[in-house]
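# Structural features, examined
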Amino acid sequence: MAKQYKAIGDEAWKNSVEKVNAELFIFTYGSLVVQLLRDHEDCTSVNQQLDKLGYNIGVRLADDMFARTTLDRCPDVRSTADAVAKVGFRMFLNTTPTVGLWTNDNEFSLLIEDNPLNDFCELPPRALRDGLWYSNVLCGVVRGALEMMHMQARVWFVRDVLRGDDTSEIRVRVERMLDEEVPAADE
Amino acid sequence: MKIHCIAILGRHGNPIYLRNYDAHEDDVKYHYMAHTSLDIIDARLAQPTSSYLGHLQTVGDLSVYGYITNTNIKIMVVSSASNESPSVRSSQMRHVCECVHAAYVALVCNPFNERREEDRVQSERFDMVVEKLGQLTE
């Protein structure tokens with residue numbers, strides 16, 4: 001099952017998505033974060049804004065992902081996690097986080113080794129002190145995408161290489177399934 | 001061959017960065033050397049050259065090698081004489097200059113970097129890279 005997701009992700013990256021220059025993307029994101037810091041002054045509210053931005057992106061990305069791949073409905077949280085990591089992240093960021101550190105079958109971590117948003121970035125001391133999570137937009141994206149899949153989740157950053165940790169870790173806790181009418185399966 | 005100093009000067013000849021690897025020498029001496037090398041660089045620029053300018057001048061037992069970027073940032077490396085042939089030394093110096101240039105580009109690309117042309121470089125990551133470069137060729 002895991003291999004299947006990896007293959008779907010690789011195939012989608014190669015054929016189904018248009019690519020944009022990496023530097024353009026990361027400089028745009030960097031300027032966005034810097035501007036937010038200037039406007040808000042307080043790192044906690046910047047984190048919240050990034051999360052909101054990510055949420056709006058995530059609700060749209062979920063449908064986009066299903067339009068471009070052959071994914072079926074995921075039967076449980078574990079395969080959802082795999083789909084997010086091996087297909088979603090691979091398609092849109094060309095990086096595949098490792099899924100791990102499961103607790104209770106509904107809480108897991110995404111360990112991101114090489115986050116492209118972090119290239120060239122060096123946090124100033126003030127941001128380090130005040131607790132800025134530079135790539136917090138990713139948490140919002142995961143939260144928004146999971147909500148489109150009718151899972152309410154809490155997503156937050158645990159570790160970040162920009163803060164000096166050895167790897168970046170996003171923790172996802174699926175809190176509950178949102179009520180929905182399940183359509184009869186077509187296949 | 002030992003690297004004694006790596007200096008970076010801006011477009012208007014203003015010092016942007018100086019890393020002195022000698023504990024006993026004053027920074028002033030290397031500032032002065034970098035500044036006098038500026039005239040030589042200007043003379044060399046009269047003819048079209050590549051980024052790496054090669055050996056600029058020799059002061060006592062120290063040689064100064066220069067490198068200029070497309071944005072007119074000048075990188076200078078001061079090293080003491082060595083036993084290798086000129087071409088080996090030249091390629092080593094070129095390598096050091098290119099690494100400094102790459103580190104400088106990474107610094108400029110940092111979205112939190114708000115320095116303008118005239119400001120000095122203040123970055124831990126840049127300091128670490130230059131620190132390692134200095135030990136590279138000992």
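Throughout, a residue's number is its position along its own chain's written sequence, starting from 1. Written order determines the labels here, with chains lettered from A and ligands numbered from 1. For this predicted model, a pLDDT threshold of at least 70 governs which residues receive local features, and a threshold of 80 or more governs which side-chain atom pairs are given and counted, while totals over whole chains, interfaces and linings are taken from all residues. Note that the side-chain values use all heavy atoms of the structure and ignore hydrogens as well as water.

Once that is clear, we can look at helix α3 (residues 43–68) of chain A. Compared with an ideal rise of 1.5 Å per residue, which puts 26 residues at 38 Å, α3 of chain A spans 36 Å between its outermost C-alpha atoms and is within 8% of the ideal. We define the bend at each residue as the angle formed by axes fitted to the 7 residues ending at it and the 7 residues starting at it. Strands here are runs of E lasting at least two residues and helices are runs of H or I lasting at least four, both read from the DSSP assignment and numbered beginning at the N terminus. Approximately 25° is the largest bend angle found in α3 of chain A, and it occurs at Leu61 of chain A. In a helix, the anticipated span is given by 1.5 Å times the number of residues less one.

For every residue, the predictor assigns a confidence score, pLDDT, that lies between 0 and 100. Taken residue by residue, chain A gives an average pLDDT of 88. The fraction at 70 or more is 95%. When pLDDT is averaged over each element of chain A, helix α6 (residues 136–148) of chain A comes out on top at 93 and helix α1 (residues 2–16) of chain A at the bottom at 84.

Think of a patch as exposed residues, more than 30% relative accessible area, with no salt bridge, where like charges cluster within 9 Å and nonpolar side chains (Val, Leu, Ile, Met, Phe, Trp, Tyr) cluster within 5 Å. Per-residue and other accessible areas were derived by the Shrake-Rupley procedure at a 1.4 Å probe size, with only the shown protein chains allowed to occlude residues. A pairing counts as a salt bridge when a side-chain nitrogen of Lys or Arg comes within 4 Å of a carboxyl oxygen of Asp or Glu. There is a patch of nonpolar side chains on the surface, built from Val20, Leu24 and Phe25 of chain A and spanning about 290 Å² of accessible area. Mapping Phe25 of chain A onto the fold places it in helix α2 (residues 22–40).

Let us now look at the pairing of strand β5 (residues 74–80) of chain B. It is a general feature of regular strands that their side chains alternate between the two faces of the sheet. Residue and element names in this part refer to chain B. Three labels apply to residues, based on accessible area from a 1.4 Å probe with only protein chains included: buried if under 20% of the type maximum, exposed if over 50%, partly exposed otherwise in between. A large share of β5 lies buried, amounting to seven of its seven residues. Going residue by residue along β5, you find Lys74, Met76, Val78 and Ser80 tucked away on one face and Ile75, Val77 and Ser79 tucked away on the opposite face as well. A pair of strands counts as paired when DSSP detects no fewer than two bridges linking them. By the bridge criterion, six bridges tie strand β1 (residues 3–9) to β5 in an arrangement that is antiparallel. Bridge assignment links Ile3 to a residue of β5, and that residue is Ser79. Here strand β4 (residues 62–68) runs beside β5; their pairing, made up of seven bridges, is antiparallel.

All right, on to a negative patch on the surface then. Residue and element names in this part refer to chain A. Only four residue types enter the charge count: Lys and Arg as positive, Asp and Glu as negative, with His and the chain ends excluded. By convention, charge coordinates are those of NZ in Lys, CZ in Arg, CG in Asp, or CD in Glu. A surface patch of negative charge is lined by Glu23, Glu113, Asp114 and Asp119. Residue placement: Glu113 occurs in the loop between β2 (107–112) and α5 (125–130). Judged by relative accessible area, Glu113 falls into the exposed class, the value being 63%.

Another point: the pairing of strand β3 (residues 52–59) of chain B. All names here are of chain B. The pairing of β3 with β4 spans six bridges and is antiparallel. When the bridges of β4 are listed, Thr58 appears paired with Ser63. Between the antiparallel neighbours β3 and β4 lie two residues, among them Gly60 with a positive phi of about 65°.

Attention now moves to the packing of helix α4 (residues 77–93) of chain A against α6 of chain A. Residue and element names in this part refer to chain A. Interaxial distance between α4 and α6 falls to 12 Å at its minimum, and their mutual angle equals 125°. On the basis of the axis angle, α4 is oblique to α6. The two elements α4 and α6 cross, and the hand of that crossing is right-handed. Facing Thr80, Val84, Phe89 and Leu93 of α4, the residues of α6 in contact are Leu138, Val142 and Leu146. Lines fitted to C-alpha atoms define the axes here, with helix axes fitted over just the stretch in contact, and angles between the N-to-C directions of these axes take values from 0 to 180 degrees. Any angle that is under 35 degrees is reported as roughly parallel, and any over 145 degrees as roughly antiparallel; angles of 65 to 115 degrees are reported as roughly perpendicular and all others as oblique. In this scheme the handedness of a crossing depends on how the near helix is turned from the far one: anticlockwise by less than a right angle means left-handed, clockwise means right-handed. Every residue pair with non-hydrogen atoms within 4.5 Å of one another is taken to be in contact.

To continue, consider the environment of Gln92 of chain B. The topology assignment puts Gln92 of chain B in helix α2 (residues 86–109). For the pair Gln92 of chain B and Leu107 of chain B, spaced 15 residues apart in sequence, the C-alpha to C-alpha distance is 23 Å.

All names here are of chain A. Ordered by their spatial adjacency, four strands build an open sheet running β1-β2-β4-β3, and the pairing between neighbours is antiparallel. Every other strand in the sheet has two partners, leaving β1 (98–103) and β3 (151–159) as the edge strands with one partner each. For this sheet, the mean inter-axis angle between neighbouring strands, taken without regard to orientation, is 25°. The pairing of β1 with β2 spans four bridges and is classified as antiparallel. Counted as the bridge partner of Thr98 is Leu111 from β2.

This brings us to the sheet that holds β5 of chain B. Residue and element names in this part refer to chain B. In spatial order, the strands read β2-β1-β5-β4-β3; together these five strands make up an open sheet with antiparallel pairing. At either margin of the open sheet sits one strand with a lone partner, and together these are β2 (15–20) and β3. On average, each strand axis in the sheet is inclined to that of its neighbour by 15°, with strand direction left out of account. Packed onto the sheet, helix α1 (residues 27–44) meets β1, β2, β3, β4 and β5 and runs at close to 125° relative to β3. Contacting β1, β2, β3, β4 and β5, α2 runs over the sheet at an angle of about 140° to β5.

The next thing to look at is the interface of chain A and chain B. Every contact between the two is made by 14 residues of chain A and, on the other side, nine residues of chain B. As used here, buried area is the combined drop in accessible area, with a 1.4 Å probe, of two parts when they are placed together. For the pairing of chain A and chain B, the buried interface totals around 990 Å² over both sides, and the portion due to carbon and sulfur atoms is 62%. Summed over the three residues of chain A that lose the most area to chain B, namely Val34, Phe120 and Glu122 of chain A, the buried surface amounts to 60% of that side. In protein, a polar contact requires one atom able to donate a hydrogen and another able to accept it; more generally it is a pair of N or O atoms within 3.5 Å, and residues adjacent in sequence count only if both atoms are side-chain atoms. Across the chain A-chain B interface, the total number found is five residue pairs in polar contact (both at pLDDT 80 or more). For the side of chain A that touches chain B, the residue count by class is ten nonpolar, two polar and two charged. Amino acids are sorted into nonpolar (Ala, Val, Leu, Ile, Met, Phe, Trp, Tyr, Cys and Pro), charged (Asp, Glu, Lys and Arg) and polar (every other residue, Gly among them).

All names here are of chain A. Mapped onto the fold, Arg171 is located in strand β4 (residues 168–177). Here Arg171 falls in the buried class, since its relative accessible area comes to 9%. Excluding its chain neighbours within four sequence positions, the residues that come into contact with Arg171 are Gly100, Leu101, Thr103, Glu107, Phe108, Ser109, Arg154, Val155, Trp156 and Val158. Within the structure, Arg171 has its side chain in polar contact with the side chain of Ser109 (distance 2.7 Å).

All right, on to the pattern of salt bridges then. Under the definition given, this model contains 16 salt bridges over all chains. For the salt bridge of Arg159 of chain A with Glu169 of chain A, the shortest nitrogen-to-oxygen distance reads 2.9 Å. Pair noted here: Arg159 of chain A is in strand β3 and Glu169 of chain A is in strand β4, with a separation of ten residues, a long-range link. Overall, the relative accessible area of 24% leaves Arg159 of chain A in the partly exposed class. Its relative accessible area of 6% is what places Glu169 of chain A among the buried residues. Measuring nitrogen to oxygen at the nearest pair gives 2.1 Å for the salt bridge that ties Arg19 of chain B to Glu131 of chain B.

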